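The lines below spell out each chain.
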Amino acid sequence: MAEARLATGLWVAAYLARLGQAHIPAYVVARGDATAGAVLVKCARLNGTADLWAREWDLDSGERIWSQMRAGAEHDVDAAIARQRGFDPDLWVIEIESRDGRTLLDQDGLA
């Protein structure tokens, strides 16, 4: 049986609401396809560095998981995002501001 997937626009709205409840500032930098666009999450640590997260398939478990694509200087992370947007105009980009790197991506309900 195929896994039901939530439309990306709804997932993004729910994620932003969850971040808001946790008092983690976040906003949409780029809007992608509302139905099936992929999502990148940038976590700006407010010290010139950032982390970039993307969902991918875990071949061992068969599930979609969040994995860190890049970490380092914020301008390098921004360049990686720009490259990805060049390949995929339907890509969503969410930016979080969190000194401790909290994204809530590791919590249930965000897979």
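Above this text is the structure in question.
Residues numbered from 1 in each chain as written. Predicted model: local features only at pLDDT ≥ 70, side-chain atom pairs only at ≥ 80, totals over all residues. Heavy atoms only, no water.

Q: Residue-level account of helix H2 (residues 74-87), with values.
A: One full turn of an α-helix is made of 3.6 residues, so residues set three or four places apart face in the same direction. With 14 residues, H2 ought to run about 20 Å at 1.5 Å a step, and its terminal C-alpha atoms sit 20 Å apart, in line with that. Listed as buried for H2 are Val77, Ala80 and Ile81. Buried residues of H2 fall within an arc of 100 degrees about the axis and therefore sit on the same side. Counted as exposed and oriented over 90 degrees from the buried face of H2: His75, Ala82 and Gly86. On its buried face, H2 is in contact with strand S2 (39-44), strand S3 (49-58), strand S4 (63-73) and strand S5 (92-97). (Helix = DSSP H or I, 4+ residues; strand = E, 2+ residues; numbered from the N terminus. Expected span 1.5 Å × (residues − 1). Buried < 20%, exposed > 50% of the residue type's maximum accessible area, 1.4 Å probe, protein only. Arc of directions from axis to C-beta. Contact = heavy atoms within 4.5 Å.)

Q: An account of the side chain of Ser98 is requested, with residue identities and associated values reported.
A: Mapped onto the elements of the fold, Ser98 is located in the segment after S5. Among the polar contacts listed, one links the side chain of Ser98 to the side chain of Asp100, at a separation of 2.7 Å. Excluding residues that lie within four positions of it along the chain, Ser98 makes contacts with Ile24, Cys43, Ala44 and Arg45. (Polar contact = N/O pair within 3.5 Å; in protein donor to acceptor, adjacent residues only side chain to side chain.)

Q: Please set out helix H1 (residues 8-21) residue by residue, giving values where relevant.
A: Here H1 is 14 residues long and its end C-alpha atoms lie 20 Å apart, about the 20 Å a rise of 1.5 Å per residue gives. For H1, the full list of buried residues reads Thr8, Trp11, Val12, Tyr15 and Leu19. Within H1, the buried residues cover an arc of 100 degrees as seen down the axis, which keeps them to one side. Relative to its buried face, H1 has exposed residues pointing more than 90 degrees away, namely Leu10 and Gln21. In this fold, the buried residues of H1 make contact with strand S1 (26-30), S2, S3, S4 and S5.

Q: Which residues make up the sheet that holds S4, and what are the values?
A: Across the sheet, which stays open at both edges, the five strands sit in the order S1-S5-S2-S3-S4 with mixed pairing between neighbours. The strands lining the two open edges of the sheet, one partner per strand, are S1 and S4. Strand-to-strand, the axes of this sheet are offset by a mean angle of 25 degrees, without reference to chain direction. By the bridge criterion, six bridges tie S2 to S5 in an arrangement that is parallel. The partner of Cys43 across the bridge, within S5, is Ile96. Across the face of the sheet, H1 comes into contact with S1, S2, S3, S4 and S5 while running at roughly 5 degrees to S5. Sheet contacts for H2: S1, S2, S3, S4 and S5; angle to S4, the most-contacted strand, approximately 130 degrees. (Pairing = 2+ DSSP bridges. Axes fitted to C-alpha atoms, helices over the stretch in contact; angles between N-to-C directions.)

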